[in-house]
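# Topology and contacts: notes
Spelled out, the chains give:
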Amino acid sequence: MQYWLFKSEPDAFSIDDLAAKPKQTEHWDGIRNYQARNYLRDEVKQGDQVLFYHSSCKEVGIAGLAEVVKEAYPDHSQFNPESKYFDPKASPDKPRWVMVDVQFKQKFSKVLSLSKIKNMSDITEIGLVKKGHRLSIMPVNENEFSILLKAAKG
């Protein structure tokens, strides 16, 4: 099992939105960064645990926990000219972008803020605390995942 942090803007898709979906499951679409895509395509596996992170909002930080329930498959939005994620260079026989399905596990009683995460002395490896790391999908080592999960659960 691996551990990940997935970022989403809550006005686009929040932990509450995931919890409200049928079977509390939804695809994680719209990834248009090659490194993040490569993580989804090559490394994210069914059963992996995901820290659900709210970004670009009033309360930036880890809001909940999800689990990967379906591994990478073509992101359908790349083929839709009406979608903001449309990619004219992608085709069904040569898709460029992938998505995974995640399932809601838990919403934390309060968001574990980025400022608190940055002040945790044991958190040094996750991209959130490193300068220039802005990926929307990032790996989290097992030790840091455990520390962050414990802190988020309060």
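Here we summarise the structure given alongside this text.

So, how was this worked out
- Residues numbered from 1 in each chain as written.
- Predicted model: local features only at pLDDT ≥ 70, side-chain atom pairs only at ≥ 80, totals over all residues.
- Heavy atoms only, no water.
- 1 Å grid on protein atoms, 1.4 Å probe; cavity = no way out; pocket = protein on both sides within 12 Å on 5 of 7 lines; lining within 4 Å.
- Points joined across faces, edges and corners; volume = space filled by probe spheres on them.
- Helix = DSSP H or I, 4+ residues; strand = E, 2+ residues; numbered from the N terminus.
- Salt bridge = Lys/Arg side-chain N within 4 Å of Asp/Glu carboxyl O.
- Buried < 20%, exposed > 50% of the residue type's maximum accessible area, 1.4 Å probe, protein only.
- Expected span 1.5 Å × (residues − 1).
- Arc of directions from axis to C-beta.
- Contact = heavy atoms within 4.5 Å.
- Polar contact = N/O pair within 3.5 Å; in protein donor to acceptor, adjacent residues only side chain to side chain.

Here the largest pocket defines a volume of roughly 820 Å³. Lining of the largest pocket is provided by 32 residues; of these, K7, S8, E9, S55 and S136 occupy positions nearest its centre. For the lining of the largest pocket, the secondary structure elements donating two or more residues are β1 (3–8), β2 (25–28) and α3 (114–118).

With that settled, consider the pattern of salt bridges. Per the counting criterion, the structure on display carries seven salt bridges. For D75, the salt bridge goes to R32, with nearest N and O atoms at 3.1 Å. You can see D75 sitting in the loop between β4 (61–74) and β5 (98–113) and its partner R32 sitting in the loop between β2 and α2 (34–43), a full 43 residues away along the chain. Classification of D75 as buried rests on a relative accessible area of 0%. Its salt-bridge partner being D87, residue R96 comes within 3.3 Å of it at the nearest N-O pair. What makes D87 buried here is its relative accessible area of 9%.

On to helix α4 (residues 142–153), then. Between its terminal C-alpha atoms α4 stretches 16 Å, which fits the 16 Å expected from 12 residues at 1.5 Å a residue. Looking only at α4, the buried set comprises E144, F145, L148, L149 and A152. Each buried residue of α4 sits inside an arc of 130 degrees when the element is viewed along its axis, so together they form one side. Of the exposed residues in α4, the ones pointing more than 90 degrees away from its buried face are E142 and K150. Taken together, the buried residues of α4 touch β1, β3 (49–54), β4, β5, α3 and β6 (137–140). The N-cap of α4, judged by a side-chain oxygen 3.2 Å from the amide nitrogen of N143 a few residues on, is N141. Directly after α4, the chain includes G154, whose backbone phi takes a positive value near 70 degrees.

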